[in-house]
Amino acid sequence: MPNILALDTSSDNCSVALYQNAELDSMCEPAPRKHTQLILPMVKSIVDKHHLALNQFDALAFGCGPGSFTGIRIAAGVAQGFAFGLDCPVYPISNLKAMALQCYREHGISTVLVAIDARMDEIYWSLCLVIESSDKTSFEVKTLLGEFVTKPESLELSDVDLSDGLIGCGSGFEFLSRFPDSTQKALCSFDQNARPKADAICELALVEYRQGKNGDISAALPSYVRDTVTWKKLPGRE
């Protein structure tokens, strides 16, 4: 069994997770703008808890975005640094896919609409399908639509079969009243408070590790979704 360390700093949470001996452990703390102070101590804490040394990890993973531009750069930098020093693979995992898996685990509905506040009156969003393995030991998350950054009014799902139900999660549901009527009517429920967590990122990285993906450090980059970043941050916002 591989040892995998995962981390996420893409939202106002800071989280780490560790997969060891077929068991998953995680830590998560609300940490607006404190990720740089917390992430390394949290890594040390969970590694020490399980009596591991860093050189015993077989792979690393991080939430690559979309999300806070500063946050995903922090996660990418820390993961790249560890991977380079330890000479092990590193897997960038979509935060939208990770949130879809979290939502499926909690509610059992496999079609998940994930929407994250992207600032500038826009949302990042994706429509995902979560597939559980026959032995219920692993998951695959497929992207049905996305990943996009649009105005809330453009979140249109009319061409997708949603007869099996649809559930939503993420901070983007603050704008639910602006979603197209057809999208609103398709939703069974939603969780506006959901944020990405490192445990789901770790689970998806485990799938990639088992599939033999090389986890090349040169590909371990943030995913901003926006092609260019030309806007000026408002005070206190990322």
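It should be noted that the structure appears before, not after, this text.
Residues numbered from 1 in each chain as written. Predicted model: local features only at pLDDT ≥ 70, side-chain atom pairs only at ≥ 80, totals over all residues. Heavy atoms only, no water.

How should the nonpolar core be read in this particular structure?
One finds V112 and V130 to be the most contacted residues of the largest nonpolar core, which totals 36 residues. Judged by nonpolar contacts, the second largest core, of 26 residues, contains M42, I46, F82 and C88. (Core = buried A, V, L, I, M, F, W, Y, C linked by side-chain atoms within 4.5 Å. Buried < 20%, exposed > 50% of the residue type's maximum accessible area, 1.4 Å probe, protein only.)

Whenever I open this one, the pairing of strand β2 (residues 13–20) confuses me. Can you help?
Looking down a regular strand, the side chains alternate between one sheet face and the other. In terms of burial, β2 is a largely internal element, eight of the eight residues being buried. The alternating pattern of β2 places N13, S15, A17 and Y19 on one face and C14, V16, L18 and Q20 on the opposite face, and all of these are buried. Sheet topology places strand β1 (residues 4–8) next to β2; five bridges connect them, and they run antiparallel. Across the sheet, residue L5 finds its bridge partner in β2, namely L18. (Helix = DSSP H or I, 4+ residues; strand = E, 2+ residues; numbered from the N terminus. Pairing = 2+ DSSP bridges.)

Looking at this model, I keep getting lost on the packing of aromatic side chains. Mind explaining?
Aromatic ring pairs are defined here through the distance separating the ring centres and the angle between the ring planes. This model, assessed by the stated rule, comprises five aromatic pairs. Note on F69 and Y224: the rings are 5.4 Å apart at their centroids and 80° apart in plane angle, and the pair reads as edge-to-face. Here F69, found in helix α2 (residues 69–86), pairs with Y224, found in the segment after α5 (198–210); they are 155 residues apart in sequence, far enough to count as distant. Ring plane angle 40° and centroid distance 4.8 Å describe the contact between W125 and F148, whose orientation is recorded as tilted. One end of the pair, W125, is in strand β7 (residues 123–132); the other, F148, is in strand β8 (residues 139–150), and 23 residues separate them in sequence. A residue is classified by how much of its surface remains accessible, and F148, at 32% relative accessible area, is partly exposed. Here the aromatic cluster, defined as three or more aromatic residues joined through ring pairs, consists of F173, F179 and F190. (Phe/Tyr/Trp six-rings, centres within 6.5 Å; stacked < 30°, edge-to-face > 60°.)

Shape descriptors only; they carry no functional weight alone.
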